[in-house]
Amino acid sequence: MTTTVPKVFAFHEFAGVAEAVADHVIHAQNSALKKGRVSKSRQMSGTSLNGNGSTESKTMERVNSVRSNASSRGGNEDGVIKKIKKEKERRFKIALSGGSLIQVLHEGLLKRDDVQWGKWDIYFADERLVPFSSSESNYGLAKREIFDLINTEKHGTPRIYHIDESLINDPQECADNYEKILIKGFAGRDSVKLPMFDLFLLGCAPDGHIASLFPNFQENLRENLAWVIPVESAPSGPSNRISLTIPVICHSHRVTFVVEGATKAPVIKTIMERPEKGLPSSIVNEGAAGRVSWFVDDDALKDVFVTKKKYKFYDDDNLTE
Ligand SMILES: O=C(O)[C@H](O)[C@@H](O)[C@H](O)[C@H](O)COP(=O)(O)O
C-alpha cells in the first residue's frame, strides 16, 4: 500500500466541526445540483428554496426567457430547455453513517437556510438490525435528530431510503433488499457497476470500524461484488447489521470522515501514521485518494503526526464546478 495523505481539517472544538461539516455538505450539494449561483453560501436567512430546490417559478422564468430569445433569433430552443429541465431534476445523493455524526449534522445543518432538503436522496452507510424505535437504530436516530426537525414547507422533504424494518431478523435478506433499493435509486445494476454518491459521510469508532466494516472482518473488507453485505457477530453495539461495502464507499464523488473526542486519538494515529496496518479507514484513504477529507477535533488529533489544514468556508455564489 502506498501512503496517501488525505486532507485533514483540524478544529479546536466540537462547534467548529459541526459548522464546517455543514458547509462542506452544502458545498457538495451545490456542486451536485449546480445551484451555487442561487444560494448565499453561509446564508442563515433570506429567500429560501422550495422543495424542488430551485423555485418552480425561477425555472419557468428561465424556460420562458430562453423561448423568447430563441424565437426572436429564429433558433431552436429545445436543447437549452431540455438542459434547464434536466438541471431541475438533479438530486443530491448522500450516504449517512450513524453515531455522533448525526449530532454533528443536527448542530450544523438545521440552522442553515441553504439546504435544499427537497432535492436530497438520503441512504445509510450502514444499519444496526434493531427496530427503528430503538436508540441504537441509525435511521431512528437520524429521523428523530434531523428528518423530523426539517422545515419541510420551506425546504422540501428529502427522499429517505432506509432498510425494510420487517427484515431485521434476517441480515442476508435485509442486505439483499437494501441493495435492491440502491439499484433502483442508481438506475439499475446493468447500467452502473457501482453507485456513485455525491457525498459519503463516515464516522470512525475507537475500534477502527467505519460504517459496519470492522477491522478484523477481512472477508467483509475484501468484498468486491456486493454493494451491501450482512454483518453478523459485530464486536461492538448491536451484533447484526448491514453495511455498504468498500468499493461503494470509494466510488463516491467525495468521502468525508467526521471524528471527535480523545478516545479516537489512538485509532486516528494508526490510520494516519500506519496505513500499512490496513484499517478500514486507511483502505478508504487509499481507494478514494484525492477525494477524502477528515474533519477532526484537536482531542482526536492529539499526538497524531499529520499535516493539518484550516477549513475555509465556501462562497458558492460563484460556483462553476
Ligand atoms: O452504526 C455504526 O456503528 C456507525 O455507522 C459507525 O460506523 C459509526 O460511524 C462509528 O461507530 C463512529 O461512531 P461515533 O462517532 O459515535 O463514535
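Only a predicted model underlies this, so the values are computations on that prediction, with no experimental measurement involved.

A. Highlighting a negative patch on the surface. On the surface, Asp164, Glu165, Asp170, Glu173, Asp176 and Glu232 cluster together into a negatively charged patch. Its location among the elements puts Glu232 in the loop between strand 7 (228-231) and strand 8 (241-244).

B. View of the sheet that holds strand 2 (residues 92-96). Judged by pairing direction, the sheet is parallel, and its 7 strands sit side by side in the order 1-10-9-6-2-3-5 without closing on themselves. With one partner strand each, in any of the chains shown, strand 1 (7-11) and strand 5 (159-160) form the two edges of the open sheet. When strand 2 meets strand 3 (residues 120-124), the two strands line up parallel, connected through 5 bridges. By the bridge assignment, Lys93 is partnered in strand 3 with Asp121.

C. Highlighting the sheet that holds strand 4 (residues 126-128). Taken in spatial order, the 3 strands make up an open sheet running 4-8-7, and their pairing is antiparallel. Strands with a single pairing partner mark the edges of an open sheet, and in this sheet they are strand 4 and strand 7. Across this sheet, the average inter-strand angle for adjacent strands is 15°, counted without regard to direction. Summarising the sheet, strand 7 and strand 8 pair through 4 bridges and their orientation is antiparallel. Directly across from Val228, in strand 8, lies its bridge partner Leu244.

The rules behind the values
- Counting restarts for each chain, with residues numbered from 1 along the sequence as it is written.
- In keeping with the predicted nature of the model, local features appear solely for residues at pLDDT of at least 70, side-chain atom pairs appear and are counted solely at 80 or more, and the whole-chain, interface and lining totals rest on all residues.
- Calculated side-chain values reflect all of the structure's heavy atoms, with hydrogen atoms and water omitted.
- Patch rule: a residue counts if its relative accessible area is over 30% and it has no salt bridge; like charges are joined within 9 Å, and nonpolar side chains (Val, Leu, Ile, Met, Phe, Trp, Tyr) within 5 Å.
- Where accessible areas are quoted, they stem from the Shrake-Rupley method and a 1.4 Å probe; at the residue level, only the protein chains shown are allowed to cover.
- Only one rule defines a salt bridge in this text: a Lys or Arg side-chain nitrogen within 4 Å of an Asp or Glu carboxyl oxygen.
- By the counting rule applied here, Lys and Arg register as positive and Asp and Glu as negative, while His and the ends of each chain are not counted.
- Note that the charge is assigned to NZ on lysines, CZ on arginines, CG on aspartates and CD on glutamates.
- Here a strand is any run of E in DSSP of at least two residues, a helix any run of H or I of at least four, and the numbering for each starts at the N terminus.
- Strands are treated as partners if at least two bridges between them are detected by DSSP.
- Every angle, taken between N-to-C directions, lies between 0 and 180 degrees, and every axis is a line fitted to C-alpha atoms, over only the stretch in contact when it is a helix.

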